[in-house]
Amino acid sequence: MGFARVIHPHTLPLLADTRANPIATPSLFLGSTRTLRHTLTHTRSISSAQRRSVVAAKVSDVKLKPTTNLLVTKEEGLEVYEDMILGRVFEDMCAQMYYRGKMFGFVHLYNGQEAVSSGFIKLLKKEDSVVSTYRDHVHALSKGVPARAVMSELFGKTTGCCRGQGGSMHMFSAEHNVLGGFAFIGEGIPVATGAAFTSKYKREVLKEADCDHVTLAFFGDGTANNGQFFECLNMAALWKLPIIFVVENNLWAIGMSHLRATSDPEIWKKGPAFGMPGVHVDGMDVLKVREVAKEAIGRARRGEGPTLVECETYRFRGHSLADPDELRDPDEKARYAARDPITQFKKYLIENKLASEAELKAIEKKIDEVVEDSVEFADESPAPSRSQLLENVFADPRGFGIGPDGRYRCEDPKFTEGTAQV
Amino acid sequence: MASIFQGVGAATSLSSSTSIDTKKFHFCSRRSRSERKASFVVVRSGGAKVENRIGGRAEQLVTNAVAAKADTPTAATVSKPGHELLLFEALREGLEEEMERDARVCVMGEDVGHYGGSYKVTRGLAEKYGDLRVLDTPIAENSFTGMGIGAAMMGLRPIIEGMNMGFLLLAFNQISNNCGMLHYTSGGQFKIPVVIRGPGGVGRQLGAEHSQRLESYFQSIPGIQMVACSTPYNAKGLMKAAIRSDNPVILFEHVLLYNLKERIPDEEYVLNLEEAEMVRPGEHVTILTYSRMRYHVMQAAKTLVNKGYDPEVIDIRSLKPFDLYTIGNSIKKTHRVLIVEECMRTGGIGASLTAAITENFHDYLDAPIVCLSSQDVPTPYAGTLEEWTVVQPPQIVAAVEQLCR
């Protein structure tokens, strides 16, 4: 079976060898620019020509389903809009605060990529997990971590979501199942695979029959060349883990253009090589992202396994606040700025009468207040005291060992003061 | 990748070094119990549980601190005869008991399932608990270690096996950044109760890459604990303790020790991860050692005793953190220290231990600390050369004689 070029996905011919097709119904991935589905066969009798049947569908425009006119309800639309505005305003405030000396180190801002975060994360339940990279503020916010907690963390205050110990690149929340926040690219992907593994384990070993938690792993184009990415694609497909690999391809890894770093720049095509569908979507359009996300999350929840989604997106700012961003072509920046996801979505909401200008302005005002409040809160919060230094190194502080006097080091009163020698 | 080495021939050379002077034998650990919060349950033969005794070390019947030959009569202090097994079986017994006790305990690694583990530590477990609980992974150490860490963050308690400890070098990113640091950087929100275990150390002509000692590389990572087992008794006890601990623990096993035989108690017991083990009390010199070198030391001890010396031998067991209480008490008694290890000379466990002892017990020393380590040489394949890279009993004897002059 070779490549089939069709316009309407639902008329895709199913594979002739039905026993080889583990996916009963073809998934549609509405909204995607391109999709490659891969159905893996294990029987040796099938000839090599049939063994890897790849069906390519090119859907150039989003064709709205005839049954519904719009892709979101008013409520959903406003929720998504608010989330995107929160992401944008928060990140702009971070930049301000950084230049005022309120936060330090490496701060990586998400401006321009809001459609990916809002498009995916707003479809999740609280028990689902999100794993990100150092560009994680907005992922945490979308998942439900309060702006106050994130801003305090950035200021290094003890009221931050990680008590000031993590910083910009390590946003964690046990309550909202945000599993980080990782400084080295790629090292979060195995952690996400582990979270998905736990979900499957809970269902199959611990017999929690309704456990259908999914995990989203967000990472960039640079990471897609890293070994951990490929190793995890393999394991996730092998064990059909409920995970979605979301590549936020913003074309640049600091100053390295994706095209200069990658032999085959089309990352979505790498999914089928490992046995999962690969989907490419316009990451500047939150509705398209949302449609693809729905399908991918649905697949994972139904136990059909992982999906690789490549979102073509762009970061309006530099790699981090320390990056002068001189390498990127101003024309390229202008082109993407014209496709600002927030402006696009605002236009969609107004044109389709889902919201009025006034309602959207009210949301923007509300978010301004939320972000201002978070800055105030962070400003007024205390910095960590010395006593916090030695806590949290070990979950069980006996791990510091036994001192010369026979007592556990953690029993030394200087331990709680943070002045003990450990 | 691995050469499967069953260590068959090795046990014979080690068993000869295991006899101890029974007159000197006594219970270990006399530490003040009220200060320790260790809580392990000792199940008595009648089935009645003894609740969380604080510092219940003495209740654990230390039948024999050194693996004895099967026919050596042990000190008759056990209430029940116990049962005899090999070290790898002791590890499996500990593992199986914990898997039975807690459904969240799972194993992942290469060939741990259907193959039963390259050293048979997980034999039979996949048949009993299924392919998901005893997971055969592809050859991707960094990723499956990271997967274990992610699973631990979400509530499972994985035991990650490195087929050979050396392979864990590929997992260093995950072990250092996530395993060690994640509890801290998340502000205490997520704990990582993983056990990373596997065989390491110099074997019988396994070549440089399969003969690595990773304890020196991992020791600086904040947030992890490292223990090394050396007898079936402490192997089972440490395995159970490591699994029950909420901290990430790296359990170092040795390729040549898997076939050691010992009689261990039938009752359930869990050892303390942070404590050292008194192998042979003495007066003249403190010899600190761990893992396989314990047997070289005991072999040398026989010679030394015949020559009139009285060495005190301590198996430090806990490589990170050090049990400075047991070690300190010994130094305060003998005033001389010899460290015998298989680690490399540079930056090894011995180097750290030397620094820690100097810092804490300098005033008690009558002589400089002597540290015998392996040469800073990639372990050669040739048997003769390999023998010269690790510390041998005659060197230990010579060092003690020098120290006690």
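Residues numbered from 1 in each chain as written. Chains lettered and ligands numbered in written order. Predicted model: local features only at pLDDT ≥ 70, side-chain atom pairs only at ≥ 80, totals over all residues. Heavy atoms only, no water.

> Give a description of the overall build of chain B that names residues and reports values.
When helices and strands are tallied, chain B shows 13 helices and 16 strands. Per-residue burial for chain B yields a buried fraction of 64% across its 405 residues. Nonlocal contacts in chain B, meaning residues at least 24 apart in sequence, comprise 81% of its contacts between residues at least 6 apart. Element-wise, carbon and sulfur atoms account for 53% of the exposed surface of chain B, whose accessible area totals about 13,900 Å². (Helix = DSSP H or I, 4+ residues; strand = E, 2+ residues; numbered from the N terminus. Buried < 20%, exposed > 50% of the residue type's maximum accessible area, 1.4 Å probe, protein only. Contact = heavy atoms within 4.5 Å. Areas by Shrake-Rupley, 256 points an atom, 1.4 Å probe, with all protein chains shown as cover.)

> An account of the packing of aromatic side chains is requested, with residue identities and associated values reported.
All names here are of chain A. On inspection of all chains with the given rule, the structure shows 17 aromatic pairs over all chains. Between Phe 400 and Phe 415, the aromatic rings sit 5.2 Å apart at their centres with planes inclined by 65°, giving edge-to-face as the arrangement. Here the residue Phe 400 occupies a position in the loop between helix 13 (357–380) and helix 14 (413–417), and Phe 415 occupies one in helix 14, the gap between them amounting to 15 residues. A single burial state applies to Phe 400 and to Phe 415, both of which are buried. Members of the aromatic cluster, joined through ring pairs, are Phe 219, Phe 229, Phe 230 and Phe 274. (Phe/Tyr/Trp six-rings, centres within 6.5 Å; stacked < 30°, edge-to-face > 60°.)

> Lay out the sheet that holds strand 9 (residues 249–254) of chain B with the relevant residues and their values.
Hydrogen bonds along the backbone pair up the strands of a sheet, which may run parallel or antiparallel. All names here are of chain B. Pairing in this open sheet of 7 strands is mixed, and the strands run 5-4-6-7-9-8-14 from one edge to the other. If you trace the sheet from one side to the other, it starts and ends with strand 5 (134–136) and strand 14 (318–320), each paired once. Between one strand axis and the next, the sheet turns by 20° as a mean value, whatever way the strands run. Pairing of strand 8 (residues 225–228) with strand 9 involves 4 bridges; the strand directions are parallel. The residue bridging Val 227 from the neighbouring strand is Leu 251, located in strand 9. (Pairing = 2+ DSSP bridges. Axes fitted to C-alpha atoms, helices over the stretch in contact; angles between N-to-C directions.)

> Now, about the pattern of salt bridges: what can you tell me, with residues and values included?
Tallying each qualifying case throughout the model produces 55 salt bridges over all chains. Note that Glu204(A) and Lys200(A) form a salt bridge whose closest N and O atoms lie 3.4 Å from each other. Residue Glu204(A) and its partner Lys200(A) are both found in helix 6 (residues 188–204); the two are separated by 4 residues, about one turn of the helix. The closest approach of N and O atoms between Lys191(B) and Asp246(B), which form a salt bridge, is 3.4 Å. With Lys191(B) in the loop between helix 6 (182–185) and strand 7 (195–200) and Asp246(B) in the loop between helix 8 (232–244) and strand 9, this residue pair connects regions lying 55 residues apart in the sequence. Residue class for Asp246(B) comes out partly exposed when judged on its relative accessible area of 24%. Here the salt bridges do not stand alone but share partners, grouping Glu93(B), Glu97(B), Glu98(B), Arg101(B), Lys236(B), Lys240(B), Arg244(B) and Glu268(B) into one network. (Salt bridge = Lys/Arg side-chain N within 4 Å of Asp/Glu carboxyl O.)

> Pulling in residues and values, what's your account of the interface of chain B and chain A?
On the chain A side, the residues contacting the 58 residues of chain B number 57 residues. Counting each side, the surface lost to burial between chain B and chain A is near 4,600 Å², with a carbon and sulfur contribution of 64%. On inspection of chain B and its partner chain A, the count reaches 0 salt bridges. At the junction of chain B and chain A, the tally comes to 19 residue pairs in polar contact (both at pLDDT 80 or more). Those elements that provide at least two residues to the side of chain B that touches chain A are strand 4 (105–109), strand 5, helix 4 (141–153), helix 5 (172–180), helix 6, helix 10 (324–334) and helix 11 (349–361) of chain B. By residue number, the principal contributor to the side of chain B that touches chain A is helix 4 of chain B, which donates 8 residues. Grouping the constituent residues of the side of chain B that touches chain A by class yields 24 nonpolar, 22 polar and 12 charged. (Buried area = accessible area lost by both parts, 1.4 Å probe. Polar contact = N/O pair within 3.5 Å; in protein donor to acceptor, adjacent residues only side chain to side chain. Nonpolar A, V, L, I, M, F, W, Y, C, P; charged D, E, K, R; others polar.)

> Outline the sheet that holds strand 13 (residues 311–315) of chain B, supporting the account with residue identities and numerical values.
All names here are of chain B. The 5 strands lie next to each other as 11-13-12-15-16, forming an open sheet whose pairing is mixed. Strand pairing shows two members of the sheet lacking a second neighbour, strand 11 (277–280) and strand 16 (370–374), which therefore form its edges. When strand polarity is set aside, the average angle formed by the axes of neighbouring strands in this sheet is 25°. Summarising the sheet, strand 11 and strand 13 pair through 3 bridges and their orientation is antiparallel. Bridge pairing in strand 13 places Glu 277 opposite Asp 315. Strand contacts of helix 11: strand 12 (285–289), strand 15 (337–344) and strand 16, with the helix running at about 150° to strand 15, the strand carrying the most contacts. In the packing of helix 13 (residues 393–403) onto the sheet, contacts are made with strand 12, strand 15 and strand 16, and the angle to strand 15 comes to roughly 150°.

> Got a sec to walk through the side chain of Lys200(A)? Specific residues and values, please.
Accessibility expressed as a relative area gives 13% for Lys200(A), which makes it buried. Ignoring any residue separated from it by four or fewer positions in sequence, one finds Lys200(A) in contact with Val205(A), Trp239(A), Lys240(A), Leu241(A) and Leu132(B).

> Any chance you could break down the packing of helix 2 (residues 87–101) of chain B against helix 8 of chain B for me, citing the residues and the numbers?
Each pair of packed helices gets described by two things: the angle between the helix axes and the distance between those axes. Residues and elements named next belong to chain B. The geometry of helix 2 relative to helix 8 is characterised by a closest axis approach of 8 Å and an angle of 30° between their N-to-C directions. Between helix 2 and helix 8, the crossing angle belongs to the class labelled roughly parallel. Helix 8 is crossed by helix 2, and the crossing has right-handed handedness. Note on element contacts: helix 8 touches helix 2 through Pro 232, Ala 235, Lys 236, Met 239, Lys 240, Ile 243 and Arg 244, opposite Leu 87, Ala 90, Leu 91, Glu 93, Gly 94, Leu 95, Glu 97, Glu 98 and Arg 101. Counted by class, the contact of helix 2 with helix 8 contains 8 nonpolar, 1 polar and 7 charged residues. (Parallel < 35°, antiparallel > 145°, perpendicular 65-115°, else oblique. Left-handed = near helix turned anticlockwise from the far one by under 90°.)

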